[in-house]
Amino acid sequence: METNMDFVKDIELIQGRSTHKLAFRLDAFLRRTLDILAALGGLLFLAPFFAVIAIVIRRDSPGPVFYRGPRVGLHGKEFGILKFRTMYECPESYAGSAVTTSGDSRITPLGRWLRDSKINELPQLWNVLVGEMSLVGPRPEDPKLAAEWPAEIRQQILAVRPGITSPASISYRNEENMLSSDDPMGDYFRDILPSKLRLDLLYLRRRTFLSDLDVIFMTFIALFPQWRKGPIPEHFLFNGPFNRAFGRFLNWFVIDWVVSFLSVSFVAVTWRISQPLDLGLGRAVLMALIVALIFSLINVLLKLNVIEWGHAQASAVFDLGLSAAISTAILIGLDHLKAFSVRLPVGMLILMGIFSLSGSIVVRYRERLLTGLATRWLAWRPQANALGEHALIIGAGEMGSLVLSLMKRQEFSNAFSVVGFVDDDPLKSG
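What you see is a predicted model, and the numbers here were worked out from it, not measured in a lab.

Parameters at a glance
- Residues numbered from 1 in each chain as written.
- Predicted model: local features only at pLDDT ≥ 70, side-chain atom pairs only at ≥ 80, totals over all residues.
- Heavy atoms only, no water.
- Helix = DSSP H or I, 4+ residues; strand = E, 2+ residues; numbered from the N terminus.
- Buried < 20%, exposed > 50% of the residue type's maximum accessible area, 1.4 Å probe, protein only.
- Contact = heavy atoms within 4.5 Å.
- Areas by Shrake-Rupley, 256 points an atom, 1.4 Å probe, with all protein chains shown as cover.
- Expected span 1.5 Å × (residues − 1).
- Arc of directions from axis to C-beta.
- Phe/Tyr/Trp six-rings, centres within 6.5 Å; stacked < 30°, edge-to-face > 60°.
- Axes fitted to C-alpha atoms, helices over the stretch in contact; angles between N-to-C directions.
- Parallel < 35°, antiparallel > 145°, perpendicular 65-115°, else oblique.
- Left-handed = near helix turned anticlockwise from the far one by under 90°.
- Nonpolar A, V, L, I, M, F, W, Y, C, P; charged D, E, K, R; others polar.
- Pairing = 2+ DSSP bridges.
- Patch = residues over 30% accessible without salt bridge, like charges linked within 9 Å, V, L, I, M, F, W, Y side chains within 5 Å.
- Salt bridge = Lys/Arg side-chain N within 4 Å of Asp/Glu carboxyl O.

## Some words on the overall build of the chain
Next up, step 1: Helices and strands together make up the secondary structure of the chain, namely 18 helices and six strands.
Next up, step 2: Taking all 430 residues of the chain together, 40% fall into the buried category.
Next up, step 3: Contacts in the chain between residues far apart in sequence, at least 24 positions, make up 71% of those at least 6 positions apart.
Next up, step 4: Accessible area of the chain: about 24,400 Å², with a carbon and sulfur share of 65%.

Following this line, the structure appears as structure tokens:
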């Protein structure tokens, strides 16, 4: 049995990065809190509906209301997964194949509807409440099927609680329709299992509280075909609306706050050289927060938050200028209302806006600026036009970066010209 510290290290290894212990524990706390609140609230809210389903199941066919099947959970510990019964209560139901097809004769007519609507999975909220499962995580597998997983993959997947939903279960929500009735086990191991394991590992490497919210949201979208126009793109399962919206807003807010604080501080120090000014550290921090918040909110309204700045057109600078001008005008209005407890010169506030805009342009176009400088430098170097053979690096992780640095060394720089990377991380798309 692994210790708690071993469990933390396993997750950090799975996620492919050295996660700070405090950040990891906070993420785990938020996830478990969401599990408990959602499971408890869901069970209380759905109790009348569960009672109706129980009555209908008992009238549909003889047998128990619930099915408890063996599944492999956290650290390989087996538990009983709870579902509404969807099969006839007979020996054939237990002796048959561990996977089912759309035309499986063991499934009752009501059971087919429960499976298609995924209502049969709702009792697993109890498994979540008692800590055997989580809302989001790799789907728990039958012990016989889990025993066929490669050892390394098995160790990684069983390092976390299994979930009611996951990117793999969304992509293969119609799994039973993909299996033939002639050889369902063969189809499953050959056509479905490898892809599901791949999706589970991709999820685990980028697993965060926000990514779990995305998976829950996408699960609801998948359950109601009328809400979507087509299949859900695979990369959207790993970087959905919560991750994109909150991640982009928070990242740029922090960056804009740092830029604004440096701009406010620089202008304040410079202004004091020519005339008295008592801004103070507290007011400087407050002004920087206000500037960054206003700037970020206006960027959202102008839809600048969805721009990939590494590929943005130069004309987007004018949109940033408009956002900065509006932010400066609001800042002047707040100063006029004495929001900072001291009136500041209008010229000083305008300078803060100009420097904040300049810093924002630099941080957003930094890759393009650095690339331009590097291109100019290479053009001035001797033998600048001696480009080597084009090379494509497979893998954009640490090893790929190491290969890139080696190929850029003096002895190899003329022999190779790296044109890009190929990687299976969906967050590195593009």
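There's plenty left to go through after this.
## Overview of unusual backbone geometry
Next up, step 1: The backbone of H75 sits at a positive phi, close to 60 degrees, despite the residue not being glycine.
Next up, step 2: Relative to the assigned elements, H75 resides in the loop between β1 (66–72) and β2 (78–84).
Next up, step 3: By relative accessible area, H75 is classed as partly exposed at 29%.
Next up, step 4: Positioned with a positive phi, K118 is a non-glycine residue whose angle comes to about 70 degrees.
Next up, step 5: Looking at where K118 falls in the secondary structure, it is placed in the loop between α4 (109–117) and α5 (124–129).
Next up, step 6: Relative accessible area serves as the criterion here: at 29%, K118 is assigned to the partly exposed category.

## Brief notes about the environment of I107
Next up, step 1: For I107, the location among the structural elements is in the loop between α3 (91–95) and α4.
Next up, step 2: On the accessibility criterion, I107 (8% relative accessible area) is buried.
Next up, step 3: Sequence separation between I107 and M87 is 20 residues, and the spatial gap between their C-alpha atoms is 4.2 Å.
Next up, step 4: In this structure I107 touches T86, M87, Y88, T100, T101, R112 and R115, once residues within four positions along its chain are discounted.

## Re helix α14 (residues 316–336)
Since there are 3.6 residues in each turn of an α-helix, residues three or four apart along the chain are aligned in direction.
Next up, step 1: In this model, α14 (21 residues) spans 30 Å end to end at C-alpha, consistent with the 30 Å of a helix rising 1.5 Å per residue.
Next up, step 2: Considered for burial, the residues of α14 that qualify are A316, L320, S323, A324, S327, T328, L331 and D335. The buried side chains of α14 occupy one side of the element, clustering within an arc of 140 degrees when seen end-on. Among the exposed residues of α14, those oriented more than 90 degrees off its buried face are F318 and H336.
Next up, step 3: Of the surrounding secondary structure, the elements contacted by the buried residues of α14 are α13 (280–301) and α15 (346–364).
Next up, step 4: Residue K338 follows α14 closely and has a positive phi angle near 60 degrees.

## Overview of the packing of aromatic side chains
Next up, step 1: This structure, assessed with the given rule, holds five aromatic pairs.
Next up, step 2: Consider the rings of F66 and F84, whose centres lie 5.3 Å apart with planes at 20 degrees: the pair is stacked. Here F66 is found in strand β1, whereas its partner F84 is found in strand β2, with 18 residues between them in sequence.
Next up, step 3: Seen from their ring centres, Y188 and F189 are 5.8 Å apart, and the 80 degrees between their planes marks the pair as edge-to-face.
Next up, step 4: The exposure class of Y188 is buried, given its relative accessible area of 2%.
Next up, step 5: The class for F189 is partly exposed, based on a relative accessible area of 29%.
Next up, step 6: A connected cluster of aromatic rings, assembled from ring pairs, spans F50, F66 and F84.

## A short note on the packing of α13 against α14
Next up, step 1: Closest axis-to-axis distance for the α13/α14 pair is 9 Å, and the angle between their directions is 135 degrees. Put simply, α13 runs oblique to α14. Helix-helix and strand crossings are classified by hand; for α13 and α14 the assignment is right-handed. Touching M287, I290, V291, I294, F295, I298 and N299 of α13 are L320, S323, A324, I326, S327, I330, L331 and L334, all from α14.
Next up, step 2: Here the contact of α13 with α14 is composed, by residue class, of 12 nonpolar, three polar and no charged.

## Considering the pairing of β1
Next up, step 1: Pairing between β1 and β2: seven bridges, direction antiparallel. Within β2, the residue paired with P70 across the bridge is G80.
Next up, step 2: Adjacent in sequence and paired antiparallel, β1 and β2 are bridged by five residues, among which H75 carries a positive phi angle near 60 degrees.

## Remarks on α4
Next up, step 1: All of the buried residues in α4 are L110, G111, R112, L114 and R115.
Next up, step 2: As for α4, its buried residues are in contact with α2 (21–60), β2 and α9 (175–178).
Next up, step 3: Residue K118 follows α4 closely and has a positive phi angle near 70 degrees.

## Some points on a nonpolar patch on the surface
Next up, step 1: A surface patch of nonpolar side chains, about 500 Å² in accessible area, is lined by F266, V346, I350, L351, I354 and F355.
Next up, step 2: Residue V346 is classed as partly exposed on the basis of its relative accessible area, which comes to 44%.

## Some points on the pattern of salt bridges
Next up, step 1: Here the structure, examined in full by the defined rule, presents 11 salt bridges.
Next up, step 2: Residues joined by salt bridges that share partners form a network here, namely D27, R31 and D212.

## As for the side chain of R31
Next up, step 1: Within the secondary structure, R31 sits in helix α2.
Next up, step 2: If we ignore the near neighbours within four places in the chain, the residues touching R31 are S134, R207, T208, F209 and D212.

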